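Descriptive analysis of the structure
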Amino acid sequence: MNIKNLIKKQEIQLLIFVLIFSTMITIISPAFLTLENLFDLLRGSSGVAILAIGIFLVLLSGGIDVSSTTIAIAGQYIAINVMMAMGVNNIWFAFAISISVGISLGAINAIFISILNLPTLIVTLGTSSLFHGALLEFVGTRSINSGNLPRAIKEFGKYKILVLERANGSEYGLSVFFLIMVLVVILTWLILRYTMIGRGIYAIGGNQDAAERVGFKVKKIKLFVYCYAGFLAGIMGVMHVALIRSANPQYLVGSELSIIAAVVLGGTRISGGVGTISGTMIGVILITVLEKNLVLLGLSSYWQKFFVGLIIVMGVIITYGDLSRKKRDENSSAKAIEPSSQVNSASQVNKGDVL
Amino acid sequence: MSEPFFHVENISKSFVGVKALDAVDLSIAEGEIHCLIGENGSGKSTLIKVIGGIHKPDTGSVFIDGKCIDGMSPIEAIRAGIQIIYQDLSVFPNLTVAENISINQSLESGQQVVNWRAIRETAKKALADIGEEIALDELVGNLPMAKKQIIAISRAVTQNAKLIIMDEATSSLTNEEVKHLFSIILKLQEKGVSTLFVSHKFGEVFEISENITIFRDGKMVGSYPTTELDSQRLSAIMTGREVTFDRYIYKDKNVDEVPLLSVRNLSKRKQFSNISFELHRGEILGIVGLMGSGRTEIATSLFGLNKADSGQILVKGMPVEINNPQEAIANGIALLPEDRAGQGLYEDQTISDNIVVTILKSLLAKSGLIDTAKRKNTAEDWAARLNIKTPTVEAAVKSLSGGNQQRVVLAKWLATEPDVFILDGPTIGIDIGSKHTIHTIIRELAEKGMGIIMISDEIQEILDNCNRILLIHEGRIVQEINDTAKIDAEDLFKLVSERGSFEAA
């Protein structure tokens, strides 16, 4: 049994949990298990999933980022304001602005973290407050509701890549959000698995000193990680406003912890170096299903916080409990009797799997 | 004579006014196994870093194959054929064996896209080159230390290394594993690869090296063919003084008394069984055995950290229960742990904090608060008694040298006024000069009536200091050597290391 398999196991456990939970909901409320509801769920969680992937990358590199929701809202709110001020009604323009803001703010994080070598938690705590304060002071605090939003945003929110018809003739379908998420997953997977930067992220998370010594450009890689997280936050910002059809600079901020929780729940080691995208996705699904559907079980939505917390604590007990037990076993058996035949559990592991 | 394949000339390097290296020279021939030896702080590591391109020398040059390569970056040093295996091995626990081995190659190729097939092939070839077999897909974090080392060496091999520098390569290996490592070094030698082996373990140095260069205080104080040196001479050159190791003489006077400690049939499943021995006042009892033989477990068990399943412990004739360290201390037992940095010290805290931590209760004033004057006096008293070299006891422990740190650990436990002091690896990672001081302290303690149990990998240390030796193998006492004067290091070494085959036969 090794760490990787354990995480695999954790992913499977999570998946089973999601399935059991979904079955429960379906029994109580058959409306849950419809294609329409599934599409809705995907539309509602794609943005969070993209943000989670950014956080996943940061965690993988041994850091932590609590500023991503602020960056997303900053990108979004600035994009909408610029669009309205300039009278531009184009979704690509919205993305361009939001992503530029995202990358810039990500780069500011990166400068503190990689150039000045400061601890990531403190830096992102600081910058998230700094970014948010600046946003509220210099851009505004006004909520822009549906009526005033650029039309392109609302159309984008309704755009479907697959359209189906209900019995009564009205239409429903799979949102373009899902496609964006899939593209982000594929892109990130390719980066992690097939580029030296991606391998460098794993290497830094595993042993930063060693990464430096073997010749990885650690600063560059960290710069990339935080800019990429900012890039994803920028994308998410636009998706978020298209989803809820209202731009308010107070939204999103404060939800970063539950996204980090989703990533950690998905098996990403908080100390870096270990984790997979598939795990991250399952973590996000679990948190979203919990968030959206406790009401269907007849529980008040306050229970959501409670259950998310409970699952995280249990998840940690399972992963880390197993790890420390394994360590103890190894110590006692290795030290006890056979020095020569130290346990070399040659098990079938996948080659640095990302997915 | 032809130009040596690798040499450094006249290298000096200062750090903020302190001369770490003072005009040192070193030459290594092609395929030579060369050893660099010196006390802690003698400049070995600095020289390695200069060769590896991490530090720029103030003066002097590094030549390889006749080319001057000073002022290069780490990556250029690698390209020139120099590979450094650091003590911590620089492996990635979260990556597979294949990726760990090939990572330099991948980076060196300059390609931005990862070719997984090439990674596996490189790794397979590197392992084959040194005649090793490790599952390529295993995570390195799951492997024992010795295997990690092989991975670090394989990695060096992928880069067509001409010179491999191993910094304290054997510090966490068992004797068996060290032998294996040496066989790999010899294999590399056949391929014309030179090795610079940095160590301060004499036994290993004499076994593997062809030539020895000795550093002291940043200067090269000698370079000799290994055959011209013996350990006495080497330690004299290294320390600049004649360190003679006379043996501890136990004046057989206390055997009739009730022993300080009697252990009867102490057993713990999978760790040790039927351990029985007695320890008298003034004795230094050595416990030797391979790593994993159960010797450390016995020690921790006596100190209440690893409760035995059955058996009896008697302190001064009275049966006692020892369930935790507090009870051990109350019964006059102290343990100096094997892992000084991890278990023995709070490195960031002050010397005085470290010393008094075991006796805080006795420092309480009537108010229930710690009496600061008493605390300071106690700490200063111990610092003086053990000759801890520091301007003030309020300095952080990590500012001290290894030998002085170990004295702080000793002080901390001596402050509890133990009758029985168990020392697990008392001089691990300590240079020879400080070692001698620590041995002297230990002997004085024994002479004053303390009973000492010394566990060590170093045969010579055990022989010099112990009047009686227990040989542990697979959790059992297989032999007791009552008169250490009648045995020499070679015999004892044989007994310890060959016990396995002897038992099996």
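This one's a predicted model, so the numbers in the text were calculated from it and none came from an experiment.

Bringing the overall build of chain B into the picture now. Counting its regular elements, chain B contains 17 helices and 20 strands. Each principal axis of the C-alpha distribution contributes one length, and for chain B these read about 70 × 55 × 50 Å. Expressed as a percentage of its 505 residues, the buried residues of chain B come to 47%. Within chain B, contacts between residues at least 6 apart in sequence are counted, and of these 68% link residues at least 24 apart.

Regarding its fold elements, chain A presents 13 helices and 2 strands. The long-range share in chain A, meaning contacts at least 24 apart out of those at least 6 apart in sequence, stands at 76%.

As a further point, take the pairing of strand β2 (residues 171–175) of chain A. All names here are of chain A. Two elements, strand β1 (residues 160–165) and β2, share 5 bridges in a ladder whose sense is antiparallel. When the sheet's bridge partners are listed, L162 is paired in β2 with L174. In textbook terms, the turn of a hairpin is the stretch between consecutive antiparallel strands, and for β1 and β2 this stretch comprises 5 residues, one of which, G169, has a positive phi near 95°.

All names here are of chain A. Packing of helix α3 (residues 68–86) against helix α5 (residues 120–139) leaves a shortest axis separation of 9 Å and a crossing angle of 20°. The orientation of α3 relative to α5 falls into the category roughly parallel. Between α3 and α5 lies a crossing whose hand is left-handed. Residues T70, I71, A74, Y77, I78 and N81 of α3 form the contact with α5, whose own contacting residues are S128, F131, H132, L135 and V139.

For the rest of this paragraph, the subject is the domain arrangement of chain B. All names here are of chain B. Taken domain by domain, chain B holds domain 1 (6–239) and domain 2 (261–504). Each side of the interface is counted separately: domain 1 has 9 residues, and domain 2 has 8 residues. Of the residues forming the side of domain 1 that touches domain 2, the biggest block, 3 residues, is contributed by helix α8 (residues 231–239). Taken together, the residues of the side of domain 1 that touches domain 2 break down into 1 nonpolar, 7 polar and 1 charged.

This paragraph deals with the sheet that holds strand β13 (residues 284–288) of chain B. Strand pairing in a sheet relies on backbone hydrogen bonds, with the paired strands running either antiparallel or parallel. Residues and elements named next belong to chain B. What the 6 strands build is an open sheet, ordered β16-β17-β18-β13-β19-β20; its pairing is mixed. The open sheet has two free edges, formed respectively by β16 (333–336) and β20 (476–481), since each of these has just one partner strand. In this sheet, neighbouring strand axes are inclined to one another by 20° on average, regardless of whether the strands run parallel or antiparallel. Strands β13, β17 (420–424) and β18 (451–455) of the sheet are contacted by helix α15 (residues 432–447), whose axis makes an angle of about 145° with β18.

This brings us to the nonpolar core. Core analysis: the biggest nonpolar cluster contains 164 residues, and L51(A), A52(A), I55(A), L232(A), I235(A), I85(B) and I165(B) have the highest contact counts within it. Here this core gets 16 residues from one element, more than from any other, and that element is helix α10 (residues 218–244) of chain A. Core analysis: the second largest hydrophobic core is formed by 69 residues, F272(B), I442(B), I462(B) and C466(B) among them.

Our focus in this paragraph is helix α12 (residues 277–293) of chain A. Taking 1.5 Å of rise per residue, the 17 residues of α12(A) would be expected to cover 24 Å, and the 24 Å separating its terminal C-alpha atoms lies within 8% of that figure. Of all the 17 residues making up α12(A), 13 are buried; the element is thus mostly covered by neighbouring parts of the structure.

Now for the environment of D457(B). Its location among the elements puts D457(B) in the loop between β18 and α16 (459–465). Spatially, the C-alpha atoms of D457(B) and E9(B) are 37 Å apart, while their sequence positions differ by 448 residues.

Take the packing of helix α2 (residues 35–60) of chain A against helix α11 (residues 256–265) of chain A next. Residues and elements named next belong to chain A. Contact geometry of α2 with α11 gives a least axis separation of 9 Å together with a crossing angle of 65°. One way to sum up the angle between α2 and α11 is to call them roughly perpendicular. The interaxial crossing formed by α2 with α11 has right-handed handedness. Contacts from V48, L51, A52, I55, F56 and L59 in α2 reach I259, I260, A262 and V263 in α11. Its residues assigned to classes, the contact of α2 with α11 shows 10 nonpolar, no polar and no charged.

Quick look at the pairing of β18(B) now. All names here are of chain B. When you tally the buried positions in β18, you get 5 out of 5 residues, the bulk of the element. Across 5 bridges, the pairing between β17 and β18 is parallel. Bridging from a neighbouring strand, V420 pairs with G451 of β18. The handedness of the β17 to β18 crossover, carried by α15, is right-handed.

As a further point, take the environment of L294(A). Residue and element names in this part refer to chain A. With respect to the helices and strands, L294 occurs in the loop between α12 and α13 (302–336). As for L294 and F307, which are separated by 13 residues in sequence, their C-alpha atoms are 9.5 Å apart. Excluding residues within four positions of it along the chain, L294 makes contact with L299, S301, W303, Q304 and F307.

Glancing now at helix α3 (residues 97–109) of chain B. Relative to the 18 Å expected for 13 residues at 1.5 Å per residue, α3(B) spans 19 Å between its end C-alpha atoms, a close match to the ideal helical length. The largest bend along α3(B) measures about 50° and falls at I103(B). Taken across its 13 residues, α3(B) has 10 buried, putting it largely inside the fold. What α3(B) keeps buried is the set V97(B), A98(B), E99(B), N100(B), I101(B), S102(B), I103(B), N104(B), S106(B) and L107(B). Residues of α3(B) that are buried in the fold lie against α8 (196–206) and α9 (208–214) of chain A together with α2 (74–79), α4 (116–129) and α5 (145–158) of chain B.

So, on to the confidence of the model for chain A. Overall, the prediction assigns chain A a mean pLDDT of 84, with 86% of residues at 70 or greater. Counting contacts from residues 328–354 of chain A, a segment whose pLDDT is below 50, to residues more than four positions away or on other chains yields 55 contacts.

On to the sheet that holds strand β1 (residues 6–15) of chain B, then. All names here are of chain B. The strand order across the open sheet built from 4 strands is β2-β1-β4-β5, with neighbouring strands paired in antiparallel fashion. Of all the strands in the sheet, just β2 (18–28) and β5 (67–68) have a single pairing partner and so form its edges. As judged from the 7 bridges shared by β1 and β2, these two strands associate in the antiparallel manner. Each residue of the ladder has a partner; that of S14, found in β2, is K19. On top of the sheet, helix α1 (residues 44–51) reaches β1, β2 and β4 (59–64); it is set at about 115° to β1, its chief contact.

On to the confidence of the model for chain B. All names here are of chain B. Scored by pLDDT, chain B comes out at a mean of 85, with 94% of its residues at no less than 70. Within chain B, the element-level pLDDT minimum falls on helix α17 (residues 489–504), averaging 60, and the maximum on β18, averaging 94. In this model residues 500–505 is a low-confidence stretch, pLDDT under 50, and it forms 1 contact with partners more than four residues away in sequence or in other chains. Among the prediction metrics, the complex's ipTM stands at 0.80, with pTM recorded as 0.74.

Let us now look at unusual backbone geometry. Residue and element names in this part refer to chain B. The phi dihedral of N160 is positive, around 50°, even though this residue is not glycine. You can see N160 is positioned in the loop between α5 and β7 (163–167). One non-glycine residue, N265, lies in the positive phi region at around 50°. Here N265 is to be found in strand β11 (residues 261–268). By the C-beta count within 10 Å, which is 12 here, N265 ends up exposed.

Residues and elements named next belong to chain B. Secondary-structure assignment places I275 in strand β12 (residues 272–279). The exposure class of I275 is buried, given the 26 C-beta atoms found within 10 Å. Sequence separation between I275 and I298 is 23 residues; the distance between their C-alpha atoms is 8.3 Å. Here I275 is in contact with V263, L266, I298 and I477, once residues within four sequence places are set aside.

Cut-offs and rules
- Residues numbered from 1 in each chain as written.
- Chains lettered and ligands numbered in written order.
- Predicted model: local features only at pLDDT ≥ 70, side-chain atom pairs only at ≥ 80, totals over all residues.
- Helix = DSSP H or I, 4+ residues; strand = E, 2+ residues; numbered from the N terminus.
- Buried ≥ 20, exposed ≤ 12 C-beta atoms within 10 Å, placed from the backbone.
- Contact = placed C-beta atoms within 7 Å.
- Pairing = 2+ DSSP bridges.
- Axes fitted to C-alpha atoms, helices over the stretch in contact; angles between N-to-C directions.
- Parallel < 35°, antiparallel > 145°, perpendicular 65-115°, else oblique.
- Left-handed = near helix turned anticlockwise from the far one by under 90°.
- Domains from an automatic or database assignment.
- Nonpolar A, V, L, I, M, F, W, Y, C, P; charged D, E, K, R; others polar.
- Core = buried A, V, L, I, M, F, W, Y, C linked by C-beta atoms within 7 Å.
- Expected span 1.5 Å × (residues − 1).
- Right-handed = clockwise from strand over helix to strand, strands pointing away.
- Bend = angle between axes of the 7 residues up to and from the residue.
- pLDDT = per-residue confidence, 0-100.

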